[in-house]
Every structure is written in C-alpha cells, then in structure tokens.
Amino acid sequence: MVEIAPSILSADFTRLGQQIEAVEQAGASIIHVDVMDGHFVPNLTIGPFIVEWVRKATTLPIDAHLMIENPDNFITAFAQAGADMISVHPEATYHLHRTIGHIRQAGCMPGVVLNPATPLAMIEEIVCDVDYVLLMSVNPGFGGQSFITSSIDKIKRLKDLIDRRGSHARIEIDGGIGPETAAAVTAAGAEILVAGSAIFGKPDPAGALRALIEAARIGERILV
Ligand code: DX5
Ligand code: ZN
C-alpha cells in the first residue's frame, strides 16, 4: 500500500505540532524532514533540535532526508533526536557503504538519495544494503518546484534494478508531488510519496492529504 510522507518544509512552524497531528489523523504514515546545510544545497533548514520536537509531536516514523556534506558527522545526533529513517546523497560522502552502515548501527533504516542528474549506476553496489531509495524529482533545496517528468521512467528503471538485484528496498519519490503527479509515480512503482507544498501549502492540509492518497491509489491499481 502506497504511503504518503508529508514534508514539514512547507509547514507553518508557528503551529508545527498541530499541523503534524492533522496530517497524521488524515492518513500520513511517515513525517519527512528536510535537512539542508547551505553547502550541499543552497538553503539552510532543520537540525536535530527540531527533530526532537517533531518526535514529541507524533508516533509516526520520522524520515530525515540529509542534504548535507559529511553526513556521518550528524547521523548519531539525528538518530538520538528520534529519526527512524535516514537518507544520504552519494555525492555527499566519500564512503557510502560505510555511511549506510553507520545509519544502521545507529538503529535507523538507511536510505540513499539520487538527484535528478545522478544515474542509477551510482547505487548498483549498494541497493541491497539500503531499506529505501529516494529519487529526487526536483533539484533538492526548495519546496514548491515543478516535477521533472523524466523521473517517471527513472522510477521504472529503478524498480527493474531492485528486482534484478533481489533488493528489498522501497522506492520513495520527492519533489513536485501532488494530486496531478501522484497516480503516475505510483503506477511507475513509487511506494512512498513525499509531498510538501501540495499538503502544507494548502488551506486544508488534511483534505489535501486525503486527495493525494486518493490519487496515489489510482496509480497503484494501474500498477497492479
Ligand atoms: C526538496 C525537498 C523536498 C521538498 C518537497 O529539496 O527534499 O522534500 O520539501 O517539496 P514539494 O513537495 O513542495 O516539491
Ligand atoms: Zn526531501
């Protein structure tokens, strides 16, 4: 069953707890937290301190998407703050296999993230060691960007790679996901859909989330 992971990047931080509670009640199954360092991506956002507060606001798994250089320096801090899933970009670490091992040793599910221009070949040797592969369908750094349509084909090719290698990794997609793109990505094989502005950018985030789930399930039926 497809899962929706609202990204708090587009949430109203003056009432973050209420916003998380609203999407949890409306059917969100993961809370996605975008961590940016101003170096790997041209924006600065959330550190472990905010994850601690998110942890107090929900029992849902917290998915920390690390868009930071030298992610190894912060894995323990995010795990201790309450992250359950931690993903890293291969370009941000010299020794991806070691970094993935650190995430698992810290008690979290490891994931690897590919930018739109990063080929699937980057993860051939690691795809059996991760619990999920996150495909960026925008260039990371900001919410509210347009979905890059070539991502659909990349999801299909990733699904082939996962099947071919006998990996258990799930496919997550992030960027420009809304009711108009959700069915296409789930039909292609995406299992976790990250959405920020399509949920928290709307006047009724809970209603927007329900519409997104509905659209995602249509795509899922096509896949089946
Ligand atoms: C972008 C982040 C995304 C972002 C998605 O760098 O990784 O998670 O919040 O935002 P939307 O859903 O608005 O494209
Ligand atoms: Zn993200």
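Reading the values: the criteria
Residues numbered from 1 in each chain as written. Chains lettered and ligands numbered in written order. Predicted model: local features only at pLDDT ≥ 70, side-chain atom pairs only at ≥ 80, totals over all residues. Heavy atoms only, no water. Buried < 20%, exposed > 50% of the residue type's maximum accessible area, 1.4 Å probe, protein only. Helix = DSSP H or I, 4+ residues; strand = E, 2+ residues; numbered from the N terminus. Pairing = 2+ DSSP bridges. Arc of directions from axis to C-beta. Contact = heavy atoms within 4.5 Å.

Draft legend 1. Fine view of the pairing of strand β5 (residues 109–114). Counting buried positions over the six residues of β5 gives five, a clear majority of the element. Pairing geometry for strand β4 (residues 85–88) and β5, over four bridges, is parallel. When the sheet's bridge partners are listed, Ser87 is paired in β5 with Gly111. Across four bridges, the pairing between β5 and strand β6 (residues 132–136) is parallel. Within the sheet, the bridge partner assigned to Leu114 lies in β6 and is Leu135.

Draft legend 2. Representation of helix α6 (residues 179–188) within the structure. Of all the positions in α6, only Thr181, Ala182, Val185, Thr186 and Ala188 are classed as buried. The arc that holds every buried residue of α6, seen down its axis, measures 150°, which confines them to one face. On its buried face, α6 sits against α5 (151–165), β7 (170–174), β8 (192–195) and α8 (205–223). Phi turns positive, to about 130°, at Gly189, one or two residues after α6.

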